Amino acid sequence: MSRLIVISGPSGCGKTTIAREILQRHAEILFAVSATTRPKRSYEMNGKDYFFLTKNEFEQKIRLNELVEWEQIYGEYYGSLKSEIDRAFEEGRSLLLDVDVKGALSIKTKYPSDSILIFIKPPSMEILRSRLMNRKTETTEALNRRLERVTMEMERSKEFNFSIINDDLAQAVDNVDRIINRAMETAV
Ligand code: ADP
Ligand code: 5GP
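Report follows, based on the coordinates. Quantities reported herein were computed from a predicted structural model and do not represent experimental measurements. Residue positions are counted from 1 within each chain, in the order its sequence is given. Chains and ligands are labelled by the order in which they are written, letters from A for the one and numbers from 1 for the other. pLDDT decides what is reported in this predicted model: residues at 70 or higher carry local features, side-chain atom pairs at 80 or more are listed and counted, and totals for whole chains, interfaces and linings draw on all residues regardless. For the side-chain quantities, the full set of heavy atoms in the structure was used; hydrogens and water were omitted.

1. Digging into the nonpolar core
The condition that has to hold: To qualify as a nonpolar core, a set must consist of buried Ala, Val, Leu, Ile, Met, Phe, Trp, Tyr and Cys residues joined through side-chain atoms within 4.5 Å. Relative accessible area decides the class of each residue, using a 1.4 Å probe on protein chains only: under 20% of the type maximum gives buried, over 50% gives exposed, and in between gives partly exposed. Comment: elements are numbered from the N terminus, with helices defined as DSSP H or I runs of at least four residues and strands as E runs of at least two.
If you look at the biggest cluster of nonpolar residues, it comprises 23 residues, and the most contacted ones within it are Ile18, Ile118, Ile120 and Val176. Broken down by element, the residue count for this core peaks at six residues, all from helix H8 (residues 169-186). Counting residues in hydrophobic clusters, the runner-up holds 18 residues, among them Leu95, Val99, Ala104 and Phe119.

2. Focus on the environment of Val101
Note the following rule: Note on contacts: a residue pair is in contact if any heavy atoms of the two residues lie within 4.5 Å.
Tracing the chain through its elements places Val101 in helix H4 (residues 101-110). A relative accessible area of 0% places Val101 in the buried class. In sequence terms Val101 and Met152 are 51 residues apart; their C-alpha atoms lie 9.0 Å from each other. When sequence neighbours within four positions are dropped, the list of residues in contact with Val101 reads Ser8, Phe119, Met152, Glu153 and Phe160.

3. Some words on the site of ligand 1
Keep this limit in mind: Neighbouring residues are identified by heavy atoms, a residue being near a molecule or strand if any of them is within 4 Å of it. Counting of polar contacts relies on pairs of N or O atoms within 3.5 Å, with two restrictions inside protein: one atom must be capable of donating a hydrogen and the other of accepting it, and residues adjacent in sequence are counted only when both atoms are side-chain atoms. Using a 1.4 Å probe, accessible areas were evaluated by the Shrake-Rupley method; residue-level cover was limited to the displayed protein chains. Ten residue types, Ala, Val, Leu, Ile, Met, Phe, Trp, Tyr, Cys and Pro, are classed as nonpolar, four, Asp, Glu, Lys and Arg, as charged, and the remainder, Gly among them, as polar.
Surveying the vicinity of ligand 1 reveals 13 residues, the closest of which are Gly12, Thr16, Thr17, Arg135 and Asn166. In this structure, Lys15 approaches ligand 1 through a main-chain N or O atom, which is 2.8 Å from an oxygen atom. Between ligand 1 and the protein, one listed contact pairs an oxygen atom with a side-chain N or O atom of Thr17 at 2.5 Å. If ligand 1 stood free it would expose 560 Å²; the protein chains cover 74% of that surface. For the shell around ligand 1, the secondary-structure elements that each account for two or more residues are helix H1 (15-25) and helix H5 (125-135). In the shell around ligand 1, the residues fall into three nonpolar, six polar and four charged.

4. Topic: the sheet that holds strand E9 (residues 162-165)
Threshold: Each pair of strands is called paired provided DSSP finds at least two bridges between the two strands.
If you trace the five strands from one edge of the open sheet to the other, you get E2-E7-E1-E8-E9, paired in parallel fashion. Two strands bound the open sheet, and with one partner strand each, they are strand E2 (30-31) and E9. Pairing geometry for strand E1 (residues 4-8) and strand E8 (residues 115-121), over five bridges, is parallel. Its bridge partner being in E8, Leu4 is matched across the sheet by Ser115.

5. Brief notes about the environment of Arg41
The residue Arg41 is located in the loop between strand E3 (34-36) and strand E4 (50-52) in this model. If we ignore the near neighbours within four places in the chain, the residues touching Arg41 are Arg135, Thr137, Glu138 and Arg146.

6. Brief notes about the site of ligand 2
Residues in contact with ligand 2 amount to 17 residues; listed here are only the nearest, Ser34, Arg38, Tyr50, Tyr78 and Asp98. Within the contact set of ligand 2, an oxygen atom lies 2.6 Å away from a side-chain nitrogen or oxygen of Tyr78. Asp100 places a side-chain nitrogen or oxygen 2.7 Å from a nitrogen atom of ligand 2. Starting from 510 Å² of accessible surface for ligand 2 in isolation, the protein chains cover 96%. When residues of the shell around ligand 2 are traced back to their parent elements, those giving at least two are strand E5 (67-73) and strand E6 (76-81). Here the shell around ligand 2 is composed, by residue class, of five nonpolar, four polar and eight charged.

7. Concerning the sheet that holds E6
Our working rule: Axis lines are fitted through C-alpha atoms, for helices just across the contact stretch, and the angle between N-to-C directions can take any value from 0 to 180 degrees.
Strand order in the open sheet formed by four strands is E4-E3-E6-E5, and the pairing between neighbours is mixed. Single-partner strands in this sheet number two, and they are E4 and E5. Averaged over all neighbouring strand pairs, the angle between strand axes comes to 25 degrees, with direction disregarded. Relative to E6, helix H2 (residues 55-63) is tilted by about 45 degrees, and along the sheet it contacts E3, E4, E5 and E6.

Scope: geometric values only; no functional claims are made or implied.
Take a look at the structure:
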């Protein structure tokens, strides 16, 4: 049976890093490639990390009802494609989604019994800031815009099924892995 495993949390908390490790451990789990209008980072691949679209292309997907949910975040569009979720359900496989808190809660509302929401917390604001700075993908302005959202995001973490602190990476991955294994065991 398919499960929608939704990973969320503030920018820089380690969602992408943890998701990558989980997918390495679980060849049976698919990754939901989202659509976005934000510029591609040097290490990202179109169609693998995201489908990088123009604003017009994204807005057409909204009009054609091709998105399960979408949000405007940091001035860009981000959305989960219905086709990714349909494919997982058709193949009877679980799907890992990396989406913002509002998107995660929309998925929970649409798929209450199939979704499991995991919130990744940074050990502190200082560490979050330094991880984002070290990643070197944002300008100072963009970085500050990402940090401005953290209070709202932490507040909404209460609505998630699980919260994990990403301090030691290996431990955080183990904790997320344990949650996923338990969810898949009960999904029969
Ligand atoms: P997100 O996808 O949530 O924005 P990333 O996975 O890109 O976050 O992680 C942000 C940065 O922090 C990356 O440079 C990543 O290598 C680093 N990072 C992630 N987890 C840890 C950790 N537990 N300890 C130290 N650095 C980490
Ligand atoms: P980034 O630009 O760092 O890749 O992602 C910024 C934010 O957008 C993160 O919180 C990420 O989880 C979120 N995001 C990525 N894809 C989607 C999506 O399909 N829908 C929603 N709602 N958020 C997404």
